[in-house]
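If you want the building blocks of each chain, they are given just below.
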Amino acid sequence: MPGVGLVFPYVRTRARNEIRFPPLGIAALASQLRLRGIETHVYDCTFRDLAWLRGELERTRPSVVGISAMVSLSAATAEVAAMVRRLLPESLLVAGGPLPSVFPRRFTPLIDAVFRGEADLSFPTFCAEYLQRGATRTALSNLDLGSYAGLVIDAAGLRVDNPPIHHSEAGLAAFPPPDRSDFDHAAYQLAWRQRGEMRPTSIITTFGCPFSCEFCSKPVFGSEVRRRSLTTVFAEIDEIARLGYDELWIADDLFTLNARYLREFCERMTGRGMSWSCLARADRADAALAAMMKRAGCRRVYLGLESGCQDTLDLMQKRLRVEDAARATRIYGAAGIDVAAFFIVGYPGEDPAAIEQTFALALELPLDEISFNVPMPLPGSALYERLGAPDEGRDWRHENEVTFVYDSEIDERWLRRRIDETLAAFDAAREARRRHRAAAGGTGR
């Protein structure tokens, strides 16, 4: 029976802020597909190029080709879709991931089908029935198209728009672990080593976020928080260690949200000799928990501080105070945990003076890493309702793209210049702190 191919169309840019991990979504789908006995090919382009992908597609000729797309990969997704259509005109083209989940109609002219949201079961089930029943991309009538959660089709006279679903904790407990066997782990680890870093890889322990920031649509995991069993989480961590990684990037939206879950994780993690980093909310910082996190190997937390202007935070519906940033940075720093921060600049409704407050805060706090981005109005977010659909001709193509995809009163050239100036000043201040610590013979912040 012909198989399924899964494409991650990212090719390394070696940008300053490039952060690359094996694509977990594809690993999860590969595991489910193989559980059903389906021949599965994974094409991770991270350390390859599209010429390599073309050769692999010609060699393996899968009957179904799934492409994982995110905001910065829309152009690459279109290029891969055109390639597949030329090379394999009979193959069914499917897209999934964050961007197709919020913009399915943008993909249907290029792609035969889109799967929105958590497609861990619906996409593999669809593939199994598509292959077993002899369906083709132009003849899907022998499939029960209404039964596949998140499926969107708008082609060949078919109109399907099934709502996505979110799996329960009991459902998640039955999922097999992501199949990491298809990735070039040595290449991922070397790329990190070349940056002078540890050898991290990603893992997800919880799904969903209960907060309602104006700019966030939560297209895949939604608002309901669901936690994986820590028994299965730590079985996955054992596998990660066997693959040669020595650090975890915990990719949960808010790993520190549930104090009881966090404490149990830390208790199990202590003594394993593996470091980890995670996302956290500034208003949830707690000194006792931070100390426990440090003992369990936490090296860095990432805070979505977003703005140094309270009016902008309120506009974002972030439910944070500017003073929370200083408090959280102080708490984690005192515990010996590095602190990184994300900021959004050029938010609709703020002026250059408000943006300058954000730059000032980023330089004032003793942070270890900072990044700046501009907002993207995504369907399902309140920001989208306020601004309307973004201009499809102004997609982001690189990490942390400083490109407004809607009409903004902020001058992009000025904003790029001020971001570059702030990053340069931040690097200089961070290096000065490092020299001061070295001269003092200490390791404290």
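Everything numeric in this text was worked out from a predicted model, so none of it was measured.

Conventions used here
Residues numbered from 1 in each chain as written. Predicted model: local features only at pLDDT ≥ 70, side-chain atom pairs only at ≥ 80, totals over all residues. Heavy atoms only, no water. Pairing = 2+ DSSP bridges. Helix = DSSP H or I, 4+ residues; strand = E, 2+ residues; numbered from the N terminus. Buried < 20%, exposed > 50% of the residue type's maximum accessible area, 1.4 Å probe, protein only. Arc of directions from axis to C-beta. Contact = heavy atoms within 4.5 Å. Polar contact = N/O pair within 3.5 Å; in protein donor to acceptor, adjacent residues only side chain to side chain. Axes fitted to C-alpha atoms, helices over the stretch in contact; angles between N-to-C directions. Phe/Tyr/Trp six-rings, centres within 6.5 Å; stacked < 30°, edge-to-face > 60°. Lys NZ or Arg CZ within 6 Å of the ring centre and 35° of its normal. Core = buried A, V, L, I, M, F, W, Y, C linked by side-chain atoms within 4.5 Å.

1. Structural notes on the pairing of strand β7 (residues 158-161)
On a regular strand, one side chain projects to one face of the sheet and the next to the other, so that they alternate.
Here is step 1: Note that strand β6 (residues 151-155) and β7 share 4 bridges and pair antiparallel. Across the sheet, residue D154 finds its bridge partner in β7, namely R159.
Here is step 2: Between the end of β6 and the start of β7, which pair antiparallel, lie 2 residues, with A156 showing a positive phi angle near 50°.

2. Quick word on helix α11 (residues 287-295)
Here is step 1: For α11, the set of buried residues is L289, A290, M292 and M293. Buried residues along α11 cover an arc of 160° about the axis, so they all sit on one side. In α11, those exposed residues whose orientation departs by more than 90 degrees from the buried face are A287, A288 and R295.
Here is step 2: Its buried side turned inward, α11 meets α10 (259-269), β12 (275-280), β13 (298-306) and α13 (322-334).
Here is step 3: For α11, the side-chain oxygen to backbone nitrogen distance between the N-cap and A288 is 3.1 Å, and the N-cap itself is D286.

3. Digging into the sheet that holds strand β14 (residues 338-344)
Here is step 1: Ordered in space as β8-β11-β12-β13-β14-β15, the 6 strands form an open sheet in which the pairing is parallel. If you trace the sheet from one side to the other, it starts and ends with β8 (200-203) and β15 (369-373), each paired once. Each strand axis lies, on average, 20° off the axis of its neighbour in the sheet, ignoring direction.
Here is step 2: Here strand β11 (residues 247-250) pairs with β12 via 4 bridges, running parallel. In the strand pairing of β12, W249 is matched with S277.
Here is step 3: Its contacts with the sheet place helix α9 (residues 230-242) against β8 and β11, and it is angled at close to 155° to β8.

4. Brief notes about the packing of aromatic side chains
Here is step 1: With the rule as written, the count across this model stands at 18 aromatic pairs.
Here is step 2: Measuring from centroid to centroid gives 5.0 Å for F255 and F265, while their planes differ by 80°, and the two rings are edge-to-face. Of the two residues, F255 sits in the loop between β11 and α10 while F265 sits in helix α10, which places them 10 residues apart along the sequence. There is no split in this pair, since F255 and F265 are both buried.
Here is step 3: Residue F255 is classed as buried on the basis of its relative accessible area, which comes to 2%.
Here is step 4: Among the aromatic side chains, those forming a connected cluster through ring pairs are F115, F123, F126, Y130 and Y148.
Here is step 5: Over the ring of Y10 we find R20, and its NZ or CZ is 3.9 Å from the ring centre.

5. Focus on the nonpolar core
Here is step 1: With 128 residues, the main nonpolar core has F123, W276, M293, Y332 and L415 as its most contacted residues.
Here is step 2: With 6 residues, the single largest contributor to this core is helix α6 (residues 122-132).
Here is step 3: Apart from the residues lying within four places of it in its own chain, the contact partners of F123 are V4, L6, L29, L33, V64, V94 and F115.
Here is step 4: Residues F21, W192, L279 and Y302 belong to the second largest nonpolar core, which totals 6 residues.

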